[in-house]
Amino acid sequence: MNSQRSNLASTLHSLDGRSYGNYKQIRGRYEFGPVTVFIDRVQVDPFASPSKVRIRINRAEAGFPTDITTDRADRIAASDFLFRVGDSFLHRNDRRSIILGRPGQEVLERTNVVIDDEGFEARLLVNLPARGRRILGHQAADILTRDLPELAETMFVHANLRADDLYDHVQLYRDQLELQNHLGEEGLLAFIGNGAILPRRSGDSDLPMESNAVAFTSPSSLEHTVTLSSGRSLTGMAIPRGVTVIVGGGYHGKSTILRALERGVYPHVAGDGREWVITEPSATSIRAEDGRAVTGDDISPFINNLPSGTDTRSFTTTNASGSTSQAANLVEAVEVGARSLLIDEDTSATNFMIRDDRMRALIPADREPITPFVDRIRPLFTRRGVSTVLVAGGSSAFFEVADHVIALDAYVPQEVTEKAHELVGVKSADDTGEVFTTPQPRVPTAKALHPSSKTKSAKAKGLGQVQFGKAFIDLSAVSQLVDPQQTTGIAEALEYMAEIFEGQTSLTEALAEVEDMLDAQGVDGLTGNRDHPGHVARPRAQEIAAALNRFRGLHLVE
Ligand code: ADP
Ligand code: MG
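Residues numbered from 1 in each chain as written. Chains lettered and ligands numbered in written order. Predicted model: local features only at pLDDT ≥ 70, side-chain atom pairs only at ≥ 80, totals over all residues. Heavy atoms only, no water.

Novice: Got a minute to help me understand the layout of surface pockets in this structure?
Specialist: When its volume is computed, the largest pocket comes out at roughly 1100 Å³. Contributing to the lining of the largest pocket are 45 residues, with Pro199, Arg200, Ser202, Ser205 and Arg259 lying nearest its centre. Of all the secondary structure elements, the ones that give two or more residues to the lining of the largest pocket are strand S10 (200-202), strand S11 (205-208) and helix H6 (254-263). With seven residues, the single largest contributor to the lining of the largest pocket is H6. (1 Å grid on protein atoms, 1.4 Å probe; cavity = no way out; pocket = protein on both sides within 12 Å on 5 of 7 lines; lining within 4 Å. Points joined across faces, edges and corners; volume = space filled by probe spheres on them. Helix = DSSP H or I, 4+ residues; strand = E, 2+ residues; numbered from the N terminus.)

If you want it as structure tokens, here you go:
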């Protein structure tokens with residue numbers, strides 16, 4: 001046993017039975033052969049948050065081929081692979097004191113496992129063992145001087161891995177990104193490969209449905225084949241930019257398709273069933289969310305002439321209605337650059353979406369503040385270049401504004417655009433009104449994210465909530481937030497942006513700055529490149545904006 005390892009082990013053995021606080025002396029850096037162990041932070045008592053530890057192996061010892069560990073995207077995919085290797089090692093061997101974080105079905109850029117120019121590193125949380133408040137030194141020695149190096153060698157020594165699986169994992173990710181780029185080049189919004197399995201096992205499982213799932217098949221009219229530079233050829237349904245309406249009877253799989261498109265902004269792992277469901281990366285799900293706060297949004301394209309006389313070009317409320325919240329969600333998504341919107345009738349406010357002819361006759365236009373989305377969906381595309389995919393099984397109102405109508409019958413899609421257009425006697429639906437004039441940029445005040453009540457750093461509370469000072473930001477309606485580590489990333493991003501806002505920088509400018517920094521430095525940049533950043537995944541700008549927009553303390557420069 002090398003000397004640093006035996007020294008740490010004997011220190012821990014000698015600490016056995018002593019009071020917990022004595023653990024603090026093991027802080028430091030240890031070389032165990034090829035593995036370096038950094039004990040960055042030692043918890044003060046057994047119930048405090050776990051200790052922060054890193055394990056690292058240099059490139060020379062790791063022995064990875066450089067062709068899959070050099071390029072930025074390759075590193076993200078390869079780190080994700082190693083993350084999964086580490087996760088299954090820990091579970092297989094029941095190493096419960098060591099926390100690496102849990103991967104989901106998506107491949108996300110994270111801080112848990114990183115590959116840099118020098119080597120490979122995992123950031124871990126370790127619960128240092130205790131009985132009552134006494135150190136369990138022999139167990140601690142096993143965890144730190146045996147389990148950690150074993151984990152490092154399992155993940156980071158190339159000879160210990162299945163090289164083909166690693167290569168396939170990286171190649172799949174490359175192909176998914178290439179397909180996503182291809183969508184942009186071809187004016188497509190999304191692609192769903194033939195054979196894809198869209199339904200999930202249950203409402204609380206993101207794994208594919210096991211039996212009885214009907215594999216996806218494209219309608220022939222929308223079928224598209226693409227051959228990627230890897231030689232992989234894919235055939236499936238291509239959804240063009242513009243307006244696409246998905247119809248069909250209840251329970252025929254409409255929402256399931258839309259959900260898959262929402263998730264398609266992220267690449268999925270092999271075996272997920274949604275590997276070849278790829279959506280353009282800015283696509284944003286829009287829903288009603290009554291009760292949310294809104295600060296200074298220009299919702300005037302949808303809501304005007306409120307009986308209260310409120311100016312809806314800069315609309316603020318602490319408690320939005322269904323329709324107002326959906327309008328706010330939409331204009332905010334477009335503000336941060338969403339080029340497509342994904343909307344499901346199940347989660348929409350009816351009065352935001354449509355108004356039928358009899359209602360239009362009964363209530364004069366000047367007495368109705370809401371201009372329904374059906375009247376805005378075309379100018380949104382023709383004037384602002386924002387496409388929509390909409391699930392609407394209950395109304396024909398969208399037929400005449402749709403470029404494509406797709407009908408689902410027992411989960412099988414057919415294109416029915418001609419028939420739908422015939423039914424409504426197609427008119428040119430182009431609304432020429434200048435309703436989407438560029439709104440005033442929203443500029444937070446210098447103090448907006450520095451409230452005096454805020455004494456601690458922003459913190460994620462599970463997937464759907466961020467604590468910011470005394471305020472709680474509710475993200476439970478933000479459906480494209482998929483991993484609690486992204487929520488942690490949002491909390492970090494809010495801290496980062498707090499330093500940007502000085503009363504001149506707009507919300508969109510600050511977000512662009514965050515994105516540029518993330519592209520240049522990776523997720524570690526979000527945490528100020530501190531030694532041990534914890535477990536953080538990269539959120540999209542859309543979801544960071546969603547948090548900022550829901551923050552009840554957001555104040556704008558007038
Ligand atoms: P809709 O929105 O049309 O009412 P959903 O998308 O909610 O329908 O789907 C209804 C049910 O059918 C869900 O339980 C879903 O898991 C299941 N389902 C959806 N697509 C498929 C499919 N391709 N194969 C098998 N079951 C499916
Ligand atoms: Mg539905």
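Here the narrative resumes, following the displayed structure.
Novice: How should I be thinking about the packing of helix H3 (residues 72-92) against helix H5 (residues 163-186) in this particular structure?
Specialist: The relative placement of two packed helices comes down to the angle between their axes together with the axis-to-axis distance. H5 packs onto H3 with a crossing angle of 135 degrees between their chain directions and a minimal axis gap of 9 Å. On the basis of the axis angle, H3 is oblique to H5. Considering the relative orientation of H3 and H5, their crossing is right-handed. For the pair H3 and H5, the contacting residues are Ala73, Asp74, Ile76, Ala77, Ala78, Asp80, Phe81 and Arg84 in the first and Asp165, Leu166, His169, Val170, Tyr173, Arg174 and Leu177 in the second. (Axes fitted to C-alpha atoms, helices over the stretch in contact; angles between N-to-C directions. Parallel < 35°, antiparallel > 145°, perpendicular 65-115°, else oblique. Left-handed = near helix turned anticlockwise from the far one by under 90°. Contact = heavy atoms within 4.5 Å.)

Novice: Looking at this model, I keep getting lost on the sheet that holds strand S23 (residues 459-460). Mind explaining?
Specialist: Backbone hydrogen bonds hold the strands of a sheet together, and the pairing may be parallel or antiparallel. Ordered in space as S23-S24-S25, the three strands form an open sheet in which the pairing is antiparallel. For this open sheet the edge positions go to S23 and strand S25 (471-474), each flanked by a neighbour on one side alone. Note that S23 and strand S24 (residues 465-468) share two bridges and pair antiparallel. Looking across to S24, one finds that Lys459 is bridged to Gln467. Lying over the sheet, helix H12 (residues 484-498) contacts S23, S24 and S25, oriented at roughly 30 degrees with respect to S24. (Pairing = 2+ DSSP bridges.)

Novice: Would you take a moment to explain the coordination of the magnesium ion (ligand 2) for this structure?
Specialist: Ideal geometry at a metal gives 109.5 degrees between four tetrahedral donors and either 90 or 180 degrees between six octahedral ones. Distances from the magnesium ion (ligand 2) to its protein donors, namely Ser255 (OG) and Asp346 (OD), fall within the range 2.1 to 2.2 Å. Of the two residues, Ser255 is situated in helix H6 and Asp346 in the loop between strand S19 (340-344) and helix H8 (350-353); the sequence distance between them amounts to 91 residues. The exposure class assigned to Asp346 is exposed, which follows from its relative accessible area of 56%. (Donors = N, O, S within 2.8 Å, 3.2 Å for Na, K, Ca; no water. Buried < 20%, exposed > 50% of the residue type's maximum accessible area, 1.4 Å probe, protein only.)

Novice: Quick question: what am I supposed to make of the pattern of salt bridges here?
Specialist: Going through the model one piece at a time under the given rule, you end up with 42 salt bridges. Put simply, Glu109 and Arg538 hold a salt bridge, and the shortest N to O gap is 3.6 Å. Taken as a pair, Glu109 in the loop between strand S4 (98-99) and strand S5 (113-115) and Arg538 in the loop between helix H13 (507-521) and helix H14 (541-550) lie far apart in primary sequence, 429 residues in all. Here Arg232 ties to Asp175 by a salt bridge, and the two come within 2.8 Å at their closest N and O atoms. Placement of the pair is Arg232 in the loop between strand S12 (223-227) and strand S13 (233-240) and Asp175 in helix H5, with a sequence separation of 57 residues. On the accessibility criterion, Arg232 (31% relative accessible area) is partly exposed. Where salt bridges share partners, they join Asp40, Arg54, Arg56, Asp116, Glu121, Arg123 and Asp524 into one cluster. (Salt bridge = Lys/Arg side-chain N within 4 Å of Asp/Glu carboxyl O.)

Novice: Looking at this structure, how should I read the packing of aromatic side chains?
Specialist: The relation between two aromatic rings is expressed through the spacing of the ring centres and the mutual angle of the planes. This structure, assessed with the given rule, holds nine aromatic pairs. Ring geometry for Phe302 and Phe352: centres 5.2 Å apart, planes at 45 degrees, overall tilted. With Phe302 in the loop between strand S17 (294-297) and strand S18 (315-317) and Phe352 in helix H8, this residue pair connects regions lying 50 residues apart in the sequence. Note on accessibility: Phe302 and Phe352 belong to one class, buried. On the basis of an interplanar angle of 70 degrees and a centroid distance of 4.9 Å, the ring pair of Phe468 and Phe551 is categorised as edge-to-face. Of this pair, Phe468 sits in strand S24 while Phe551 sits in the segment after H14, placing them 83 residues apart in sequence. Judged by relative accessible area, which is 4%, Phe551 ranks as buried. An aromatic cluster of at least three residues, connected via ring pairs, comprises Phe302, Phe352, Phe373 and Phe398. The ring of Phe38 has Arg54 lying over it, and the distance from NZ or CZ to the ring centre is 4.1 Å. (Phe/Tyr/Trp six-rings, centres within 6.5 Å; stacked < 30°, edge-to-face > 60°. Lys NZ or Arg CZ within 6 Å of the ring centre and 35° of its normal.)

Novice: Hey, could you run me through the site of ligand 1 in this one?
Specialist: Near ligand 1 there are 14 residues, and of these Val214, Tyr251, Lys254, Ser255 and Thr256 occur at the shortest range. One nitrogen or oxygen atom from the main chain of Val214 is found 2.8 Å from a nitrogen atom belonging to ligand 1. Between ligand 1 and Tyr251 there is a distance of 2.7 Å, counted from an oxygen atom to a backbone nitrogen or oxygen. Against a free-state accessible area of 560 Å², the protein chains account for coverage of 80% of ligand 1. Comparing atom positions with the cavity grids shows ligand 1 to sit within the largest pocket. Here the shell around ligand 1 is built from residues that sort into six nonpolar, seven polar and one charged. (Near = heavy atom within 4 Å. Polar contact = N/O pair within 3.5 Å; in protein donor to acceptor, adjacent residues only side chain to side chain. Areas by Shrake-Rupley, 256 points an atom, 1.4 Å probe, with all protein chains shown as cover. Sits in = over half its atoms within 2 Å of the grid points. Nonpolar A, V, L, I, M, F, W, Y, C, P; charged D, E, K, R; others polar.)

Novice: Help me out: how do you make sense of a nonpolar patch on the surface in this one?
Specialist: Among the surface-exposed residues, Met359, Leu362 and Ile363 lie close enough to one another that they form a single nonpolar patch of about 280 Å² accessible area. Here Met359 lies in helix H9 (residues 357-362). According to the relative accessible area criterion, Met359 is partly exposed, its value standing at 40%. (Patch = residues over 30% accessible without salt bridge, like charges linked within 9 Å, V, L, I, M, F, W, Y side chains within 5 Å.)

Novice: How should the sheet that holds strand S21 (residues 404-409) be read in this particular structure?
Specialist: Strand order in the open sheet formed by six strands is S16-S19-S20-S14-S21-S22, with mixed pairing between adjacent strands. In this open sheet, the two strands that pair with only one neighbour each are strand S16 (284-286) and strand S22 (412-415). Each adjacent strand pair in this sheet contributes to an overall mean axis angle of 25 degrees, direction not counted. Here strand S14 (residues 243-248) pairs with S21 via five bridges, running parallel. Looking at the pairing, Val245 lines up with Val405 of S21. On top of the sheet, H6 reaches S14, S16, S19, strand S20 (387-391) and S21; it is set at about 150 degrees to S19, its chief contact.

Novice: Where do I start with empty space enclosed by the protein in this structure?
Specialist: Using a probe with the size of a water molecule, rolled over the atoms, empty space left in the structure can be pinpointed. Summed over the entire model, instances satisfying the criterion amount to two cavities of 30 Å³ or more. By volume, the largest cavity amounts to about 180 Å³. Thr284, Ser285, Asn329, Ala546 and Arg550 are, among the 19 residues lining the largest cavity, the residues nearest its centre. Residue contributions to the lining of the largest cavity peak at six residues, all from H14.

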